[in-house]
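Take a look at the letters that make up each chain.
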Amino acid sequence: MAQTFPPQIPDPPLAWVAADTLPPSVPHSAHETGFYGTLCRDSSLIEMAYMNKIDNNLWLGRSRTEPPQPLTLKPKSLLRHMMALGSSGSGKTVLSKVVVEECVRHGLPAICVDPQGDLCSLALLAEDPEALAAKGTDPALAHAFSEKADVVVFTPASRTSVALSADPVQTDLDKLPARERVYALSATAGMIVSLLGYDLDSDDAAGLIAVFDRILNQALQDGLPMRNLADFSTLLHAMDDGAREVYSRYLDPKKLDQASRRLARLDVGARRLLFHEGLPLDIDLLLGRGTDSAAIEGKTRVSVIYLNTLNSQEDKEFFLAALTERLYSWMLKNPSNQPQALFYVDEVAPFIPPVRKPACKPALNLLFKQARKYGICCLMGTQNPGDVDYKAMAQFGTWALGRLTTRQDLAKIQPTVKALAPVDTDRIMTELPAQTPGQFILLSPDNFDTPEPLAVRWLYTRHETLDERRIHALALERWLTRFGELEARLEQREDAPESESAVKENTDEPPAPLATVESEPGTSPDLKDLERMITATAAEFAQKHGLSEGQARRILNDLLSKGLAERFKDGRSHRYWSLSLGLRPDLGLLGPVQTLMPAVTRERAQVLAETYRERRTLGLLGDDEELEELQLEYRLTLRVVFQEKIKHGLWKRLLGHGEYADLIESVYYHPKRLEILLFDPQTGVRFHQQPDEHASKIVDFDGATQVVRRSPGEIHFNEQEWRERHSDETLMEHLQNRFPARVTAVEPVFLPVWRALLSKPGQPGMRVVTLDGLSGNPLEW
């Protein structure tokens, strides 16, 4: 989405400015103090007033009044939290990123939860100072941000960037006050039950939470607190019938047995990465505090947590729950009455809905209520205020209202508008649907006496949506070495004998230089070291671990012979990677890929395939075909995301919606033919050269099925088709030549298909029938 910029500040010869915006050093002879503020007769003093206000506050942009004034928030007002609302394309994410940039400028670290990739571009600085100046943003402020910001992208359960793991069992619960410890134990039990797939509103879930809460509490009282989820699983599995009978008042023992088996399966397969892959979730790490955070002196940490490396919505909800619980415990141990961190969740609606109870909802509700007392500022954004729990929204003191058009969303926010601006309610509700991108109405009693119309300033950074390929390229350049060394040091400390660890903790000596920490002394690098590097040639592996190239090659080939690693030709060298990561670096697939969830089950596909068997002619001649094999495979499509302007009809223009609607949509291309995919649940998939006048009106998968992120090593797909696919540039040019649209991204999406192999007795070869996995119709590819 393109940013919308405010107009330049005019340079009037005479203007009123707020009385508190001129520094004390300005002589009284240069201005007159009046009832409304200060009347300046010197344009340089007006500019000084602007800059003084911007330097000491959070600068969001400028007012949409004449003359335009800088609109700022007092940093401390963020303790009462801020909500940014607006439909898709309204600019709410840009506004939220402006708040993050301003927090960094004031030395306030930020944890940013990014469900879609829009926040990762905080790591990309604006490239053209002249363009910034032309849009009303001082390049010196952008430079100051770049000098101060340490933006790091973390990827849960994935080595796409800095990997993070989240064990639901906290190890320091005994350090919490008694009352808070009771809550933390219950929250931990709830997270574990959610991980097992139970609906937290169900009776079985309530019983399990009670049982797990009692077990965790008893272990703590016995002086044997759980260190991690594996400890808890082991304890639960080892309980005899007598011990289980104790908890029968809460839950049927058979159901507890079933939960125990589910719990054991959590630590098997790709999902175990959620608990073991990378650095442990730690708030000091995310805020860049302490010796175990790989902090850069003089810089302020912005931790962007990219949730799209997680395969399911449930895993995202669990990870956010674990993060929120850790933050809550951290703030209790580190109280402050001044702002000390910003916690920002973009597109928060799925995580705190009004009816459903995802794992993260109780933790978020509690944080919103308590965070201000401990110095934690919360910022939330959503395009669907109607889908957010109203009790959570009531905790927010500053509201930025962008364009909202649906009756449900307007009705949801009207009580808040009426409470904060009773005199202006009707006017605001009328103006909201007509606002353009980048325009907001600010309601903030801590900062303004009346609602303020805001035009958002230009970002110091770029506003782009990054996919995993670009994130990984950034990670290789900026973060993987620094945080890989930190991870190695923490693992070394964890593996050290207890007596040695105690000595290290009680000494004032600084930690060993990061560059010297590699594999543990006396041991050889192994599969884990290869996983940490994603891919490596023998020379790179040797250099990293202080080996000769021959030694490195023997280790890597040994992993290859055991079926633990694979390799591919890269120029004149072989490049190795660990199969346990589930990646395909030989194809450039360095993270999970998007797949469409099959709607046709194997049983249904088998029934459909039977209907396509060739039968004997007249029931007498020839042989019936037999179904030899049925395989689930995936076919590559290329999703092209674009922005398109559609002219409004006369009625909408008269209602103030403007002449055009800015739509962000996508189409899907065949990977080798420049044809656009169409999908209908009844007739299935087909392709067309140009099926409609406007690309945004093409009907395809969007909204018809669920997207699931899976490791590319786990799915069977046509690798040759991947290698021979059209380039991103070719697809962008093709779409833009045929439609009035601007392409913003190209990404692969894999379509599930059922491949049926049919044969006749005594005849060579097989006939292949391909059914699309969404409708079950025959697919011509």
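From a predicted model like this one, the values you see are computed outputs, not experimental measurements.

Peer 1: Where do I start with the overall build of the protein in this structure?
Peer 2: For the protein, the count of helices and strands is 26 helices and 27 strands. When burial is assessed residue by residue, the protein has 52% of its 781 residues classed as buried. Counted over contacts in the protein with a minimum sequence separation of 6, partners at least 24 positions apart contribute 72%. Split by element, the accessible area of the protein, about 35,800 Å² in all, is 50% carbon and sulfur.

Peer 1: Even after reading the chapter, I still don't get the nonpolar core, so can you show me in this structure?
Peer 2: Note on soluble globular proteins: their nonpolar side chains tend to be buried together. Among the nonpolar cores identified, the biggest contains 156 residues, and Phe212, Leu323, Phe343 and Phe483 are the most heavily contacted of them. Here the element with the most residues in this core is helix α12 (residues 313-333); it accounts for eleven residues. Excluding its chain neighbours within four sequence positions, the residues that come into contact with Phe212 are Ala189, Ile192, Val193, Leu196, Phe232, Leu236 and Leu256. In terms of nonpolar packing, the next biggest core, distinct from the first, is built from 23 residues, Tyr634, Ile676, Ile698 and Leu735 among them.

Peer 1: Honestly, the sheet that holds strand β18 (residues 565-570) in this entry has me stumped. Any pointers?
Peer 2: Each strand in a sheet pairs with its neighbour through backbone hydrogen bonds, running either in the same direction (parallel) or in the opposite one (antiparallel). What the three strands build is an open sheet, ordered β17-β19-β18; its pairing is antiparallel. Bordering the open sheet on either side are β17 (535-537) and β18, each of which pairs with just one other strand. Put simply, the sheet's adjacent strands are angled 30° from each other on average, direction ignored. Where β17 and strand β19 (residues 573-578) come together, three bridges link them in antiparallel fashion. Each residue of the ladder has a partner; that of Ala536, found in β19, is Tyr576.

Peer 1: Where do I start with the packing of helix α21 (residues 538-545) against helix α22 (residues 549-561) in this structure?
Peer 2: The relative placement of two packed helices comes down to the angle between their axes together with the axis-to-axis distance. Taken N-terminus to C-terminus, the directions of α21 and α22 make an angle of 110°; their axes are 8 Å apart at the nearest point. One way to sum up the angle between α21 and α22 is to call them roughly perpendicular. You can see that α21 and α22 cross each other, and the crossing is right-handed. Between α21, through Ala538, Ala539, Phe541 and Ala542, and α22, the contact on the second element is made entirely by Glu549, Ala552, Arg553, Ile555 and Leu556. Considered class by class, the residues forming the contact of α21 with α22 number seven nonpolar, no polar and two charged.

Peer 1: What exactly am I supposed to notice about the side chain of Arg489 here?
Peer 2: One can find Arg489 in helix α18 (residues 480-495). In this structure the side chain of Arg489 is engaged in a polar contact, spanning 2.8 Å, whose partner is the backbone oxygen of Thr291.

Peer 1: Would you explain the pairing of β19 in this entry?
Peer 2: Here is the key point about a regular strand: its side chains alternate between the two faces of the sheet. Sheet analysis places β18 next to β19, joined by six bridges and oriented antiparallel. Among the inter-strand pairings, Ala565 is bridged to a residue of β19, identified as Ser578.

Peer 1: Is there a simple way to explain a negative patch on the surface in this structure?
Peer 2: A surface patch of like charges, here negative, comprises Asp623, Glu626, Glu628 and Glu629. Checked against the element boundaries, Asp623 lands in the loop between α23 (602-611) and β21 (626-647).

Peer 1: Whenever I open this one, the packing of aromatic side chains confuses me. Can you help?
Peer 2: Aromatic ring pairs: the centre-centre distance and the angle between the two ring planes describe each pair. The final tally for this structure, using the stated rule, is ten aromatic pairs. Centre to centre, the rings of Trp722 and Phe750 are 6.4 Å apart; their planes meet at 25°, and the pair counts as stacked. Of this pair, Trp722 sits in helix α25 (residues 719-723) while Phe750 sits in strand β26 (residues 741-759); the two residues are 28 residues apart in sequence, bridging distant segments of the chain. Phe750 matches Trp722 in its accessibility class, with the two residues each being buried. Counting every residue linked through ring pairs, the aromatic cluster contains Phe717, Trp722 and Phe750.

Peer 1: Please explain the pairing of strand β11 (residues 300-306) as it appears in this structure.
Peer 2: Burial within β11 is extensive, with seven of its seven residues counted as buried. Side chains Thr300, Val302, Val304 and Tyr306 project from β11 onto one buried face, and the interleaved Arg301, Ser303 and Ile305 project onto a second face that is buried too. Of the strand pairs in this sheet, strand β7 (residues 110-114) and β11 are connected by five bridges, and their pairing is parallel. Across the sheet, residue Asp114 finds its bridge partner in β11, namely Tyr306. As paired elements, strand β8 (residues 149-156) and β11 share six bridges and run parallel to each other. Counterpart to Ala149 in the pairing with β11 is Thr300.

Peer 1: Explain unusual backbone geometry to me, please; I cannot follow it from the model alone.
Peer 2: Among all residues save glycine, negative phi is the norm, and among peptide bonds the norm is trans. For the bond running from Glu66 to Pro67, omega is -10°, close enough to zero to count as cis. Looking at the element boundaries, Pro67 is found in the loop between β4 (58-63) and β5 (70-73). In the Ramachandran plot, Ala157 falls in the positive-phi region, its phi being about 60° despite a non-glycine side chain. Within the secondary structure, Ala157 sits in the loop between β8 and β9 (162-165). The residue Glu347 is not glycine, and still its phi comes out positive at about 45°. Considering the arrangement of structural elements, one finds Glu347 in the loop between β12 (341-345) and α13 (361-370).

Peer 1: Got a minute to help me understand the pattern of salt bridges in this structure?
Peer 2: Two side chains of opposite charge can pair, provided their charged atoms sit close to one another. Counted by the stated rule, this structure contains 37 salt bridges. Among the salt bridges present, the one from Glu549 reaches Arg553, with a minimum N-O distance of 3.0 Å. Of the two residues, Glu549 and Arg553 are both situated in helix α22; the distance of four residues between them amounts to about one turn of the helix. Residues Glu625 and Arg767 are paired through a salt bridge, measuring 2.7 Å at the closest nitrogen-oxygen approach. Of this pair, Glu625 sits in the loop between α23 and β21 while Arg767 sits in strand β27 (residues 767-772), and the two are 142 residues apart along the sequence.

Peer 1: Just to check I follow, could you spell out the confidence of the model for the protein for this structure?
Peer 2: Confidence in the prediction for the protein averages 82 pLDDT; 84% of positions are at 70 or higher. Mean pLDDT across the elements of the protein bottoms out in strand β2 (residues 31-34) (34) and peaks in β12 (98). Every residue in residues 497-523 scores below 50 in pLDDT, and together they form 21 contacts with partners more than four places removed in sequence or on other chains.

Peer 1: Explanation requested: the packing of helix α6 (residues 203-221) against helix α7 (residues 229-238) in the structure shown.
Peer 2: At a minimum axis distance of 12 Å, the contact between α6 and α7 shows a crossing angle of 105°. The pairing of α6 with α7 is recorded here as roughly perpendicular in orientation. Facing α6, whose interface residues are Phe212, Ile215 and Leu216, α7 presents Phe232, Leu235 and Leu236. Residue classes in the contact of α6 with α7 are distributed as six nonpolar, no polar and no charged.

About the thresholds
Residues numbered from 1 in each chain as written. Predicted model: local features only at pLDDT ≥ 70, side-chain atom pairs only at ≥ 80, totals over all residues. Heavy atoms only, no water. Helix = DSSP H or I, 4+ residues; strand = E, 2+ residues; numbered from the N terminus. Buried < 20%, exposed > 50% of the residue type's maximum accessible area, 1.4 Å probe, protein only. Contact = heavy atoms within 4.5 Å. Areas by Shrake-Rupley, 256 points an atom, 1.4 Å probe, with all protein chains shown as cover. Core = buried A, V, L, I, M, F, W, Y, C linked by side-chain atoms within 4.5 Å. Pairing = 2+ DSSP bridges. Axes fitted to C-alpha atoms, helices over the stretch in contact; angles between N-to-C directions. Parallel < 35°, antiparallel > 145°, perpendicular 65-115°, else oblique. Left-handed = near helix turned anticlockwise from the far one by under 90°. Nonpolar A, V, L, I, M, F, W, Y, C, P; charged D, E, K, R; others polar. Polar contact = N/O pair within 3.5 Å; in protein donor to acceptor, adjacent residues only side chain to side chain. Patch = residues over 30% accessible without salt bridge, like charges linked within 9 Å, V, L, I, M, F, W, Y side chains within 5 Å. Salt bridge = Lys/Arg side-chain N within 4 Å of Asp/Glu carboxyl O. Lys, Arg positive; Asp, Glu negative; His and termini not counted. Charge placed at Lys NZ, Arg CZ, Asp CG, Glu CD. Phe/Tyr/Trp six-rings, centres within 6.5 Å; stacked < 30°, edge-to-face > 60°. pLDDT = per-residue confidence, 0-100.

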